[in-house]
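# A structural walkthrough
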Amino acid sequence: MQGTVQGVGFRPYVYRLARDEQLGGWVRNDERGVVLEVEGAPAAVERFLDRLAREAPPLAAVERVRSRTLACLGEREFAIVESSGDGPAAAPVAPDAAPCAACLAELRDPDDRRFRYPFINCTDCGPRFTIVRGVPYDRARTTMAAFALCAACRAEYEDPLDRRFHAEPNACPECGPRARLLDRDGAPAAEQAAGTDAAAAAAAALLAGLVVAVKGVGGYQLACRADGAAAVLALRARKHREDKPFALMVAGLDAALALVELGPEEERSLHGRERPIVIARRRRDAAVAEAVAPGKPELGVMLPSTPLHHLLLADAGVTLVMTSGNLSDEPIAFEDTEALKRLASIADRFLVHDRPIETRVDDSVLRGPLVLRRSRGLVPASIELRAAERPLLACGAELKSTFCLAKGGRAWVGHHVGDLKNWETLRSYRAGIEHFERLFAVAPERVAHDLHPDYLSTAYALEREHVEWVAVQHHHAHLAACLAEHGESGPAVGAIYDGAGLGSDGTVWGGELLVGGVAAVREPWRMARAWLHALGDQDGAVPAALAGAVTQVRWDAVGALVRSGTAAPQTTSAGRLFDAIAALCGIRAAINYEGQAAAELEAACDPDERGAYPLPVLDAAVILLDARATVAAVVEDLAQGAAVGTVAARFHGALADATARACAVAAGRGGLDTVVLSGGAFQNRVPLERTSEQLTAAGLRVLVPRRLPPNDGGIAFGQAAVAAAGGAASTT
Ligand SMILES: [Zn+2]
Ligand SMILES: [Zn+2]
Ligand SMILES: [Zn+2]
């Protein structure tokens, strides 16, 4: 039996199932998964096999069951046998999981010995990946090592019929970790008077309008009540986060439904034990301060991910902002002394505990069917990558960094690490790779990296010794990632719309010549200037929509740079085109976070407008989208006073139409029927939906990323897929 079947209570489950069917035999872990033998009445054996995968424990993911018939040994008893193999396990660590229903019932039961105990867990739930220090997975190799089990907990741990049999993080108020509420000097907080526990005290502080740093499963989060403008604005100012939306945490599904509109799939995601942030359309009457997500038609919502969060939300009785515990652009804090120091200027109180976090992970983020950030709750679940027989490492991109290790047909994509240009993030990235190499016993022989020589991930790859290197073009990696996660190898047409990406080598998205400097990433108005230049507007004045944001002097200065061609490398990036249109519409002249202009342009779309601007597809040796006519039409519409919502919608329409036409041309040339849509620009709902519709209408099959992000978080897996498929290697 293969899949995630170790450290998830699988052997005791098999034990109970075998006893239930009155079968004899044994079960044990081995290097590839779980092996077992049963014997008894043929009908009972059949029922056992039928139930085995179907009724598996919640954290298990059974991918393959193989069985064969053996001679009977006359075995009546069933036993759990220690692993015999000394090889490393293939799936030793499960992702962290939210409290199960049975644990929640105990948490709320005044007669239970774990009533209001913030670290309650069992084999079906609790921390896993974030507390693991090494393999094999047992308590001594987790951050629970320092807590000795009390007699009651030990009895549960040793009883195969107990829900906590071999639950490594098992704990109770007698023997386990404890929570405390501190003020910013590290002293016990005033709210935690005698008779009040830490969660209740933190809830009181939150209700009083304070900002509380909460130690979650993967790191610190910052919380404040979401209905109070003063608290939310204070958090924004202290965190130096101007307008990037804050995520919200609500007590349950009903509270979530009062804030956002959820389809059945989104509801399942929200409720899943992974507990991601789910970004969904906000309800008009959502009772949260405007400063939570200024000007956004969507809100990011999540349910409590730990018993501590459950207590906090129940006690506070209001929706909370729950955002990552960092100053903007830094990685989240996860060590206690460091957190107290780094977050002292942001948080008024600290809800801490003494169970260390081994690996820092951010909250995962989903939008509709897409994973935008794959981290807590999703990592380190493995993904099948059949071609990857030999051990390999893929180093990813740079901005939304992840790494990927693979061998024996499986790949493990690391958690979201972030922007490697931050020193602390780079350190975390290196440590993460080493940790995964140990956990999954992968000693890479091949190392894949981006073609971009300046990426810090590329520099890391080239540091590795005694390996073969495989350089993978960025957009090729996006395409390969999507194909490989669907178990396909192509060929397919790839429409990869991205913010960055070195070299466009004749793939469908050649785009058109865009001109802009490095600074254009932060200041979309520069792209607008460059586009107007391309249209022949040599010495124009600042457009009305940008008049408040850009002075004539700066406008002219960039115009001069563009004309001279200095500091203006060619780029074929779709992201930059979105930036230019957003700037022309006056939506955003400068951005505060990556992808902001494109997201706000999407948000501005009038949903009833189905028109589209011209966007010619040049069917030459390389298929090009010539966006000059599009930009000209945008400028003309705006000059005639068209609403921004109309312009934004027509621009998205143009892109969808043109993409479908370009893909149809490419598919026709190559005799292909499949199109992959990926890249950062497809994180947004409107481009993805409208383009998919057009392609489907044109009779093409559309593949989009499902388990991995369409943004650069998916790059490492794509590089791994290319390297595994035998991409050209080099050694020096
Ligand atoms: Zn549980
Ligand atoms: Zn105990
Ligand atoms: Zn990319």
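As a reminder, the structure under discussion sits directly above these lines.
The sections below set out a description of the structure shown in this document. Bear in mind the structure is a predicted one, so any value in this text is a computation, not a measurement. (Residues numbered from 1 in each chain as written. Chains lettered and ligands numbered in written order. Predicted model: local features only at pLDDT ≥ 70, side-chain atom pairs only at ≥ 80, totals over all residues. Heavy atoms only, no water.)

## Some thoughts on helix α17 (residues 596-604)
Burial within α17 is extensive, with seven of its nine residues counted as buried. Those residues of α17 that are buried lie in contact with α16 (574-584), α19 (644-670) and α20 (685-697). (Buried < 20%, exposed > 50% of the residue type's maximum accessible area, 1.4 Å probe, protein only. Helix = DSSP H or I, 4+ residues; strand = E, 2+ residues; numbered from the N terminus. Contact = heavy atoms within 4.5 Å.)

## Let's talk about the coordination of the zinc ion (ligand 1)
In this structure, Cys 100 (SG), Cys 103 (SG), Cys 122 (SG) and Cys 125 (SG) serve as the protein donors to the zinc ion (ligand 1), at separations of 2.3 Å. Every donor counted, the four donor atoms about the zinc ion (ligand 1) form angles of 103 to 119 degrees at the centre, which fits tetrahedral coordination. Each donor residue of the zinc ion (ligand 1) lies on one chain, and together they are spaced C-x2-C-x18-C-x2-C. (Donors = N, O, S within 2.8 Å, 3.2 Å for Na, K, Ca; no water. Tetrahedral: all angles 85-135°; square planar, octahedral: opposite > 155°, others 65-115°.)

## Topic: α19
Over its 27 residues, α19 extends 39 Å from the first C-alpha to the last, a length consistent with the 39 Å expected when each residue adds 1.5 Å. At the exit of α19 stands Gly 671, carrying a positive phi of roughly 65 degrees. (Expected span 1.5 Å × (residues − 1).)

## Some points on the state of the cysteines
On inspection of all chains with the given rule, the structure shows zero disulfides. Free cysteine Cys 404: the closest other cysteine sulfur is in Cys 395, separated by 10 Å. (Disulfide = S-S within 2.5 Å.)

## Digging into the pattern of salt bridges
Across all of its chains, the model carries 43 salt bridges by this definition. A salt bridge links Glu 156 to Arg 114, with the nearest nitrogen and oxygen atoms 2.7 Å apart. Of the two residues, Glu 156 is situated in helix α4 (residues 151-158) and Arg 114 in the loop between α3 (101-107) and α4; the sequence distance between them amounts to 42 residues. Across the pair, exposure class does not vary: Glu 156 and Arg 114 are buried alike. The partner of Lys 296 in a salt bridge is Glu 600, with the nearest N and O atoms 3.6 Å apart. Residue Lys 296 is found in the loop between β10 (277-281) and β11 (298-302), and its partner Glu 600 is found in helix α17; the two are separated by 304 residues along the sequence. Lys 296 gets classed as buried once you look at its relative accessible area, which sits at 13%. One network of salt bridges, in which partners are shared, links Asp 20, Glu 21, Arg 47, Arg 51 and Glu 55. (Salt bridge = Lys/Arg side-chain N within 4 Å of Asp/Glu carboxyl O.)

## Here's the deal with the environment of Gly 368
Within the secondary structure layout, Gly 368 lies in the loop between β14 (365-367) and β15 (370-373). Here the alpha-carbon distance between Gly 368 and Gln 683, two residues 315 residues apart in the chain, equals 9.8 Å. Beyond its immediate chain neighbours, meaning those up to four positions away, Gly 368 contacts Glu 266 and Ile 279.

## Focus on the sheet that holds strand β19 (residues 410-413)
Taken together, six strands build an open sheet; the order of strands is β16-β19-β18-β17-β20-β21 and the sheet is mixed. This sheet does not close on itself; its edge strands, each paired only once, are β16 (382-384) and β21 (468-472). Shown here is a sheet whose adjacent strand axes are inclined to one another by a mean of 25 degrees, direction ignored. Bridging between strand β17 (residues 392-394) and strand β18 (residues 404-407) involves three bridges; their strand directions are antiparallel. (Pairing = 2+ DSSP bridges. Axes fitted to C-alpha atoms, helices over the stretch in contact; angles between N-to-C directions.)

## Some points on the packing of aromatic side chains
A full pass over the atoms with the stated rule returns 11 aromatic pairs. Judged by centre distance (5.7 Å) and plane angle (75 degrees), the rings of Phe 129 and Phe 436 are edge-to-face. One end of the pair, Phe 129, is in the loop between α3 and α4; the other, Phe 436, is in helix α11 (residues 423-439), with 307 residues separating them in the sequence. With centroids separated by 5.1 Å and ring planes inclined at 20 degrees, the aromatic side chains of Tyr 497 and Phe 682 adopt a geometry described as stacked. In this pair, Tyr 497 sits in the loop between β22 (493-496) and β23 (514-515) while Phe 682 sits in the loop between β27 (674-678) and α20, placing the two residues 185 residues apart along the sequence. Owing to a relative accessible area of 2%, Tyr 497 belongs among the buried residues under this scheme. Among the aromatic residues, those joined into a cluster by ring pairs are Phe 129, Phe 403, Trp 412, Tyr 429, Phe 436, Phe 440 and Tyr 460. The ring of Phe 246 carries the charged tip of Arg 236 above its face, separated from the ring centre by 4.2 Å. (Phe/Tyr/Trp six-rings, centres within 6.5 Å; stacked < 30°, edge-to-face > 60°. Lys NZ or Arg CZ within 6 Å of the ring centre and 35° of its normal.)

## Brief notes about the side chain of Asp 363
Tracing the backbone shows Asp 363 in the loop between β13 (349-353) and β14. Judged by relative accessible area, Asp 363 falls into the buried class, the value being 11%. A polar side-chain atom of Asp 363 sits 3.2 Å from a polar atom in the side chain of Gln 221. Not counting residues up to four positions away in its chain, the partners in contact with Asp 363 are Gln 221, Ile 277, Met 302, Arg 373, Ser 375 and Arg 376. (Polar contact = N/O pair within 3.5 Å; in protein donor to acceptor, adjacent residues only side chain to side chain.)

## Focus on the coordination of the zinc ion (ligand 2)
For a metal with four tetrahedral donors the ideal donor-metal-donor angle is 109.5 degrees, whereas six octahedral donors ideally subtend 90 or 180 degrees. Within the protein, Cys 150 (SG), Cys 153 (SG), Cys 172 (SG) and Cys 175 (SG) serve as the donor atoms for the zinc ion (ligand 2), at 2.2 to 2.3 Å. Seen from the zinc ion (ligand 2), its four donor atoms lie at angles of 105 to 116 degrees, and the figure they make is tetrahedral. Under the relative-accessibility criterion, Cys 153 is labelled buried at 0%.

## Some points on the sheet that holds strand β9 (residues 247-249)
Read across the sheet, 10 strands follow the order β6-β13-β7-β8-β12-β9-β11-β10-β14-β15 without closing on themselves; strand pairing throughout is mixed. Looking along the sheet, the strands with just one partner apiece sit at the ends: β6 (179-183) and β15. The average undirected angle you get between the axes of adjacent strands in this sheet is 35 degrees. Here five bridges tie β6 to β13, and the two strands are oriented antiparallel to one another. Across the sheet, the residue bridging to Arg 180 is Val 352, located in β13. Sitting on the sheet, helix α8 (residues 264-271) touches β10, β11 and β14, and the angle it makes with β10 is about 155 degrees. Running over the sheet, helix α9 (residues 307-316) touches β6, β7 (212-215), β8 (220-225), β9, β12 (320-324) and β13 and is turned about 150 degrees from β12.

## Quick notes on the side chain of Glu 600
What makes Glu 600 buried here is its relative accessible area of 14%. Not counting residues within four places of it along the chain, the set of residues in contact with Glu 600 comprises Lys 296, Ile 587 and Arg 588.

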